[in-house]
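Coordinate analysis (summary)
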Amino acid sequence: MSIHRQVEAAEQYAAARGWPVVATFKDDGVSATHNRPADRAGWRELLSSPVRFDAVIIWKVDRLARRVLDFLQSHEDLQDRDAGIVAVEQSIDMTTPEGRAFAQMLAVFGEMEAGAISARVKAARNYLIRAGRVVGGRLPYGWRSVPNPDGPGRIWAQDPDRIEYVRGMVDRVRRGDSVYSVTQWLDEAAAPTPTGKGSGWQYSSVERILRHPILAGMIPHNPGNDGKVRGEGVLRGDDGLPVVMEDVAILTLAEWRNLIRSLDERDSGQSRPRAMRAKTSGLLSGLLFCGEHLDDDGSGTRMWRGTVQGRPSYSCPVCYQAISNFEQVVIDEFLRQKGDWVRWSVVEEVHEGGAAMLPEIEHRLTELEKEIRDTRDRAARRALQDQQASLLDLRDEAEASAPTVRLVPVRGTQHFAEDWADATTPEDQRVILGDAVERIWVTRGRPGRRTEAQVLARLSFEWRNPESLGPIETPDDADLALWASNR
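Now for a description of the structure that goes with this document. (Residues numbered from 1 in each chain as written. Predicted model: local features only at pLDDT ≥ 70, side-chain atom pairs only at ≥ 80, totals over all residues. Heavy atoms only, no water.)

1. As for the overall build of the chain
Note the threshold: Helical segments are the DSSP runs of H or I of at least four residues, strand segments are the runs of E of at least two, and each set is numbered from the N terminus. Partly exposed describes any residue whose relative accessible area lies between the buried limit of under 20% and the exposed limit of over 50%, with all areas from a 1.4 Å probe on protein chains only and scaled to the type maximum. Here, residues are in contact when the closest pair of their heavy atoms is within 4.5 Å. The protein chains shown are the only cover counted for residues, whose accessible areas, like all others here, come from Shrake-Rupley with a 1.4 Å probe.
Secondary structure assignment for the chain yields 17 helices and 16 strands. Taking all 487 residues of the chain together, 38% fall into the buried category. Within the chain, residue pairs in contact and separated by at least 24 positions form 64% of the contacts whose partners lie at least 6 positions apart. Just so you have it, the chain exposes about 28200 Å², and 50% of that area is on carbon and sulfur atoms.

2. Considerations on the side chain of Gln 387
Relative to the helices and strands, Gln 387 resides in helix α13 (residues 378-400). Relative accessible area serves as the criterion here: at 18%, Gln 387 is assigned to the buried category. Here Gln 387 is in contact with Asp 239, Gly 240, Arg 364 and Leu 368, once residues within four sequence places are set aside.

3. Digging into the sheet that holds strand β10 (residues 322-324)
So the rule is basically this: Two strands are counted as paired when DSSP detects at least two bridges linking them. As a rule, the C-alpha atoms of each element are fitted with a line to give its axis, helices using only the stretch in contact, and angles between N-to-C directions run from 0 to 180 degrees.
The strand order β8-β9-β10 describes an open sheet built from three strands, whose pairing is antiparallel. With partners counted over all chains shown, the strands left at the sheet margins are β8 (304-308) and β10, one partner each. Between one strand axis and the next, the sheet turns through 35° on average, direction left out of account. Looking at chain direction, strand β9 (residues 311-315) and β10 are connected through three bridges and run antiparallel. Bridging from a neighbouring strand, Ser 313 pairs with Ser 324 of β10.

4. Comments concerning helix α11 (residues 327-338)
Note the threshold: Multiplying one less than the number of residues by 1.5 Å gives the expected span of a helix.
The terminal C-alpha atoms of α11, which comprises twelve residues, lie 16 Å apart, in line with the 16 Å expected from a rise of 1.5 Å per residue. All of the buried residues along α11 are Val 329, Val 330, Ile 331, Glu 333, Phe 334, Gln 337 and Lys 338. Those residues of α11 that are buried are in contact with α14 (416-422), α15 (426-436), β15 (437-442), α16 (452-457) and β16 (459-463).

5. Focus: the layout of surface pockets
As a reminder of what qualifies: Only protein atoms enter the 1 Å grid used here, on which a cavity is any set of points holding a 1.4 Å probe that cannot leave and a pocket is any open set flanked by protein within 12 Å on both sides along at least five of seven lines; residues with an atom within 4 Å of a point are listed as lining. Grid points are joined across faces, edges and corners, and a volume is the space filled by probe spheres set on the points. Amino acids outside the nonpolar list (Ala, Val, Leu, Ile, Met, Phe, Trp, Tyr, Cys, Pro) and the charged list (Asp, Glu, Lys, Arg) are all regarded as polar, and Gly is one of them.
Its boundaries defined by the atoms lining it, the second largest pocket holds a volume of some 1000 Å³. Along the wall of the second largest pocket there are 39 residues; nearest its centre are Ala 10, Phe 25, Val 56, Ile 57 and Ile 58. Secondary-structure elements contributing two or more residues to the lining of the second largest pocket are α1 (3-16), α2 (41-48), β1 (55-58) and α3 (61-64). In terms of residue count, α1 provides more of the lining of the second largest pocket than any other element does, six residues in total. Counted by class, the lining of the second largest pocket contains 22 nonpolar, seven polar and ten charged residues.

6. Considerations on a negative patch on the surface
What counts here: Grouping into patches uses exposed residues only, defined as over 30% relative accessible area, and leaves out salt-bridged ones; the cut-off is 9 Å for like charges and 5 Å for nonpolar side chains (Val, Leu, Ile, Met, Phe, Trp, Tyr). Whenever a carboxyl oxygen of Asp or Glu lies within 4 Å of a side-chain nitrogen of Lys or Arg, that contact is scored as a salt bridge. In this charge count, Lys and Arg are treated as positive and Asp and Glu as negative; neither His nor the chain ends contribute. Lysine's charge is taken at NZ, arginine's at CZ, aspartate's at CG and glutamate's at CD.
Among the surface-exposed residues, Asp 393, Asp 396, Glu 397 and Glu 399 lie close enough to one another that they form a single negatively charged patch. As for its placement among the helices and strands, Glu 399 is situated in helix α13. Here Glu 399 falls in the partly exposed class, since its relative accessible area comes to 46%.

7. A closer look at unusual backbone geometry
Positive phi, close to 55°, is recorded for Ala 190, a residue that is not glycine. Its location among the elements puts Ala 190 in the loop between α7 (179-188) and α8 (203-211). Backbone geometry at Tyr 320 places phi at a positive 70°, although glycine is not the residue there. Topologically, Tyr 320 is positioned in the loop between β9 and β10.

8. A look at α2
Spelled out, the test is: Relevant arc is that of directions from the helix axis to the C-beta atoms, nothing else.
Considered for burial, the residues of α2 that qualify are Gly 42, Trp 43 and Leu 46. Along α2, the residues classed as buried sweep out an arc of 95° about the axis, all on the same side.

9. Some remarks on the state of the cysteines
As a reminder, the rule being used: Pairs of cysteine sulfur atoms within 2.5 Å are identified as disulfides in what follows.
A complete count under the given rule lists zero disulfides for this structure. Cys 319 provides the cysteine sulfur closest to Cys 290, a residue in no disulfide bond, and the two sulfurs are 3.7 Å apart. Cysteine Cys 316 remains unbridged, with the sulfur of Cys 319 as its closest cysteine sulfur at 3.7 Å.

10. Quick look at the nonpolar core
Rules: Joining through side-chain atoms within 4.5 Å is the link that ties buried Ala, Val, Leu, Ile, Met, Phe, Trp, Tyr and Cys residues into a set, and such a set is a nonpolar core.
Among the nonpolar cores identified, the biggest contains 34 residues, and Trp 143, Met 169 and Leu 215 are the most heavily contacted of them. Sequence-distant contacts of Met 169, that is, excluding residues within four places in its chain, are made with Tyr 141, Val 182, Trp 185, Leu 186, Trp 201, Val 206, Ile 209 and Leu 210. Within the second largest apolar cluster, 27 residues are counted, among which are Leu 287, Val 329, Val 455 and Leu 459.

11. Remarks on the sheet that holds strand β6 (residues 288-290)
Reading across the sheet, the four strands line up as β7-β6-β15-β16 and stay open at both edges, with mixed pairing between neighbours. Either end of the sheet is taken by a strand with one partner, and the two such strands are β7 (301-302) and β16. In this sheet, β16 lies alongside β15 in antiparallel orientation, the contact comprising five bridges. Looking at β16, one finds that Val 442 is bridged to Leu 459. Here α11 sits on the sheet in contact with β15 and β16, set at roughly 40° to β16. Set on the sheet, α15 makes contact with β15 and β16; between it and β15 the angle comes to about 90°.

12. Here we look at the environment of Asp 396
Within the element layout of this structure, Asp 396 appears in helix α13. Remark: the alpha-carbon pair of Asp 396 and Leu 358, spanning 38 residues in sequence, is separated by 9.5 Å.

13. Concerning the packing of helix α12 (residues 358-374) against α13
To describe two helices that pack against each other, one gives the angle between their axes and the distance between the axes. Definition in use: Here is the rule for angles: anything less than 35 degrees is roughly parallel, anything more than 145 is roughly antiparallel, 65 through 115 is roughly perpendicular, and the remaining ranges are oblique. The sense of a crossing depends on the near helix, which, turned anticlockwise from the far helix by less than a right angle, makes the crossing left-handed and, turned clockwise, makes it right-handed.
Where α12 contacts α13, the axes come no closer than 10 Å and their chain directions differ by 155°. The orientation of α12 with respect to α13, classified from their angle, is roughly antiparallel. As α12 packs across α13, the resulting crossing turns out to be left-handed. Facing α12, whose interface residues are Leu 358, Ile 361, Glu 362, Arg 364, Leu 365, Leu 368, Glu 369, Glu 371 and Ile 372, α13 presents Arg 381, Leu 384, Gln 385, Gln 387, Gln 388, Leu 391, Leu 392, Leu 394, Arg 395, Ala 398 and Glu 399.

14. Digging into the packing of aromatic side chains
For clarity, the threshold we go by: The pairing test for Phe, Tyr and Trp rings, Trp by its six-membered ring, is centres within 6.5 Å, and the orientation test on the planes gives stacked under 30 degrees, edge-to-face over 60, and tilted for anything in between. Any Lys NZ or Arg CZ found within 6 Å of a ring centre and within 35 degrees of that ring's normal is scored as a charge over the ring.
A complete count under the given rule lists nine aromatic pairs for this structure. Relative to Trp 201, the ring of Tyr 141 lies with its centre 5.1 Å away and its plane at 85°, an arrangement referred to as edge-to-face. Of this pair, Tyr 141 sits in the loop between α5 (97-130) and β4 (143-147) while Trp 201 sits in the loop between α7 and α8; the two residues are 60 residues apart in sequence, bridging distant segments of the chain. Judged by relative accessible area, which is 6%, Tyr 141 ranks as buried. Consider the rings of Phe 461 and Trp 463, whose centres lie 5.0 Å apart with planes at 10°: the pair is stacked. Comparing Phe 461 with Trp 463, the two get one shared label, buried. Among the aromatic residues, those joined into a ring-pair cluster are Phe 334, Phe 416 and Trp 420. Its end group placed over the ring of Trp 185, Arg 172 keeps NZ or CZ at 3.8 Å from the ring centre. Between Arg 439 and the ring centre of Phe 289, over which it is positioned, the NZ or CZ distance is 4.1 Å.

Treat this as a map of the structure, not an account of what it does.
Here it is in structure tokens:
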């Protein structure tokens, strides 16, 4: 019944008994199941009101409280004011002993009914989710709901107008681009934003899309979550492993896990916004270390980037030595040493056959260990332990089968100089440098203006694949002929 009808029924009840109505208090649109009377504005206003009253007329007991303890507490609060509760629909007058006893019985049944309704709603929701049905709420960017071809309701599907933008985000991050550069690409490509407004893309929106489990065909699902905070759970089968809808996924589970890992491991310097990069260059972020003082284990102090007289620079936070106007020297040396050499493809392991689910099994086993430790309910803990035992058996079976592992390239193979020429942003260039250089050590130089050779003398390069350095001379005709004759 609407709040207006409830107020009207209470006023008619009071009029029939000749009771004057001194005030009306409402909690419109507030659920008694999830909100105690003490937490509701209308009830608090009633208790703090200076108006003198003898009874509080409500429509039904379960409109005031759905838990017996909450109902009894409300009754006690009114007794402190020498007042009682009267329910219109149930003919209850708690100003009498008989009325109080009857009301308490109704409160017990109301709590039982609320629990039964909650269980039925959760069961129906779980059933629909497991059937691949959309149960409401806002769908992630790149996906939509479509009519279910096999029955009632709607199911998940890729949004043809947006899914390619999601693929573009994924491809760029997997090859090493920063999230900020992906944000700029989306703006340049005029990709529609999640809200449909023209305010442009936000870093948080891009990262939220990249982290969503639907990329791997998993449906977010948090049964039993009584809070209002969205959890990280996904729909799982009886074996405890995620249920995957392959027809809506754009990544395998292993690829999505690798993507999440790469986002978690990003260096903060690489992820700075354009406004900050304009003041301090991030091209060499994370590569420069002070060579003036080494720790016992041989590791140096990472240099911080900033500015010196408005020029991009790096400085040591311990000894404060600084270096500026040197990036081009680093680039020239990098291209001289690595430009002619092949920049090998970044690859990811893809498990096939019996080993396909091994990484996911190990991931779930790790989660279960923490859940078992944190669970205080014995029945729930035993259920988790049973799931753990089943997964251990499943892991043994998967390991016993013949595993196949493929290395899948994430990007094409070119020479370093070719990739450098194709790079259009500092983020792209930083990734290429990171594939060639492990770190660069910086030592002090003499003060004053310096030549490029003097700047280079301050730098010591620690190369990746140090056996592949220096210019590669083009073979002459004689060398080519010799090579052909030896084949």
